[in-house]
Amino acid sequence: MKTMKWLIKRELWEHKGMLVWTPLVIAGLIAALALLAVFIGKDIQLSGDAITAQSFTVSIQGQARATLVSTLAQGYIVSAVPVYLVLGFLVFFYCLGALNDERRDRSILFWKSLPVSDQTTVLSKVVTALVVAPLIVVGIAVALSLVLLLAVAAKLSLHGTVLFGDLLASPELYLAPLRVLGLLPVYMLWALPTVGWLLMISSMVRSKVFVWAVGLPVGAGLLLVWMQKVLGFDLNVGWFISNVTNRLLLGVVPGSWMWFDRSRLALSEEHGLPTPTDAFLYSWSTLANVGLWVGVVAGVAMIAVAIRMRRRREEG
């Protein structure tokens, strides 16, 4: 356990710019732009309740006030969606270079001289991609969401509607970040095939890792399309793209399970968008998808291949 902890610290030290500073900078830019929009842009409009905070003071009371508090408490976590989406890019490119970079710069010769097994080393990279990086991004995103929520509440207070007490008393304020953390196991399982694929390619090829990792599944899909259209083969190309190409390349995108498991997503227009609770429960219900577990097995197998390849390859 202590060895794994130090290996994860090594990953954070080597990739601090990617895993820590990138989401921090993006969150800072979003916060700056949002604060400018809130305090310098147009006055807040609450179209749902036909209430507008203009240059005069307006006090929102009764049902309108309760609706506003509920909307802010439930939806504030969504304001950091761009930061969550960045997680997909971070994990993707981290895994691409995780095993290839150490062979290319020959630092693998140093790391192999230490009493650490290849299995432990590769698993530390898996843990970094599936646990450490998401926790860092979630922490930054939640902090950003709270800053934006406080900014909106401060703006409203300037117009006579003080909501700080109501927001602090709302259970949704505290449940929202807990729901995001509760989705981490779901994310790990859906992302495992992509992480396994990228680590396997990173351990096998000598150069142009991105071209190999993306080109192989995309090229296979294009080849099947060509065989279907030109040669007239009866192939289910849509199934291959959805269950192979997309799972190998897009699994690290947060919320990708909403796309992979569309058949279970029963959202009709009359019901509108799902509540945070509905989205949370639906996300966990995707664990009943057989394709998810097939992907998990495939991801574990590809990680095993990556471990084996690291034992055999020492130079790029």
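Residues numbered from 1 in each chain as written. Predicted model: local features only at pLDDT ≥ 70, side-chain atom pairs only at ≥ 80, totals over all residues. Heavy atoms only, no water.

## Some remarks on the overall build of the chain
The helix and strand inventory of the chain stands at 15 helices and two strands. In the chain, buried positions account for 44% of the 316 residues. A fraction of 80% describes how many contacts in the chain between residues 6 or more apart in sequence connect residues 24 or more apart. Surface accessibility of the chain: about 16600 Å² in total, with carbon and sulfur atoms responsible for 70%. (Helix = DSSP H or I, 4+ residues; strand = E, 2+ residues; numbered from the N terminus. Buried < 20%, exposed > 50% of the residue type's maximum accessible area, 1.4 Å probe, protein only. Contact = heavy atoms within 4.5 Å. Areas by Shrake-Rupley, 256 points an atom, 1.4 Å probe, with all protein chains shown as cover.)

## A few points about the packing of aromatic side chains
Inspection of every chain in the model, using the stated rule, returns three aromatic pairs. Chaining the aromatic ring pairs together yields one cluster made of F92, F93 and F210. Residue placement shows K9 over the ring face of W6; its charged tip is 4.4 Å from the ring centre. (Phe/Tyr/Trp six-rings, centres within 6.5 Å; stacked < 30°, edge-to-face > 60°. Lys NZ or Arg CZ within 6 Å of the ring centre and 35° of its normal.)

## As for helix α12 (residues 237–250)
Because an α-helix completes one turn every 3.6 residues, residues spaced three or four positions apart along the sequence face the same direction. Those residues of α12 lying buried are V237, F240, T245, N246, R247, L248 and L249. Packing partners of the buried residues in α12 comprise α4 (81–98), α10 (184–204), α11 (209–229), α13 (257–260) and α15 (290–312).

## Observations regarding the confidence of the model for the chain
In the predicted model, the chain carries a mean pLDDT of 83, and 83% of its residues have values of at least 70. Mean pLDDT values for the elements of the chain range from 44 in strand β2 (residues 51–52) up to 95 in α10. Confidence over residues 44–58 falls short of pLDDT 50; this stretch has 28 contacts with residues more than four positions distant or in other chains. (pLDDT = per-residue confidence, 0-100.)

## Thoughts on the environment of M258
Within the fold, M258 resides in helix α13. Take M258: its relative accessible area is 25%, and that puts it in the partly exposed class. Sequence separation of M258 and A279 is 21 residues, and the distance between their C-alpha atoms is 9.2 Å.

## Observations regarding the environment of L216
Considering the arrangement of structural elements, one finds L216 in helix α11. Along the chain, L216 and T245 lie 29 residues apart, while their C-alpha atoms are 8.9 Å from each other. Excluding its chain neighbours within four sequence positions, the residues that come into contact with L216 are W197, I201 and V211.

## What to know about the side chain of K125
Here K125 lies in helix α7 (residues 118–158). Discounting residues that sit within four places of it in the chain, K125 has contacts with R10, E11, Y94, A98, L99 and E102.

## Here we look at a nonpolar patch on the surface
On the surface, L33, L35, L36, F39, I40, V147 and L158 cluster together to form a nonpolar patch covering roughly 690 Å² of accessible area. Elements that contribute at least two residues to the nonpolar patch include exactly α2 (16–39) and α7. Ranked by residues supplied to the nonpolar patch, first place goes to α2 with four residues. Relative to the helices and strands, L35 is located in helix α2. By relative accessible area, which is 31% here, L35 ends up partly exposed. (Patch = residues over 30% accessible without salt bridge, like charges linked within 9 Å, V, L, I, M, F, W, Y side chains within 5 Å. Salt bridge = Lys/Arg side-chain N within 4 Å of Asp/Glu carboxyl O.)

## Regarding the pattern of salt bridges
The full count for this structure, using the stated rule, is five salt bridges. For E11, the salt bridge is made with K125, and the minimal N-O distance between the two is 2.8 Å. Linking E11 in helix α1 (residues 2–14) with K125 in helix α7, this pair joins segments that are 114 residues apart in sequence. Neither E11 nor K125 differs from the other in exposure class; each is buried. Note that R310 is salt-bridged to D118, the shortest N-O span being 2.6 Å. With a gap of 192 residues between them, R310 in helix α15 and D118 in helix α7 connect regions that are remote in the sequence. The exposure class of R310 is buried, given its relative accessible area of 4%. By sharing partners, the salt bridges in this structure join R10, E11, E14 and K125 into a single network.

## A short note on the side chain of S170
Along the polypeptide, S170 turns up in the loop between α8 (164–169) and α9 (171–182). Classification of S170 by relative accessible area gives buried; the value is 10%. With residues near it in sequence (within four places) discarded, S170 still touches V69 and A73.

## Some remarks on the packing of α10 against α11
Relative to each other, α10 and α11 sit at 130°, their axes nearing to 9 Å. Regarding the angle of α10 to α11, the classification is oblique. Handedness of the α10/α11 crossing: right-handed. Between α10, through W197, L198, I201 and S202, and α11, the contact on the second element is made entirely by V209, W212, A213, L216 and P217. (Axes fitted to C-alpha atoms, helices over the stretch in contact; angles between N-to-C directions. Parallel < 35°, antiparallel > 145°, perpendicular 65-115°, else oblique. Left-handed = near helix turned anticlockwise from the far one by under 90°.)

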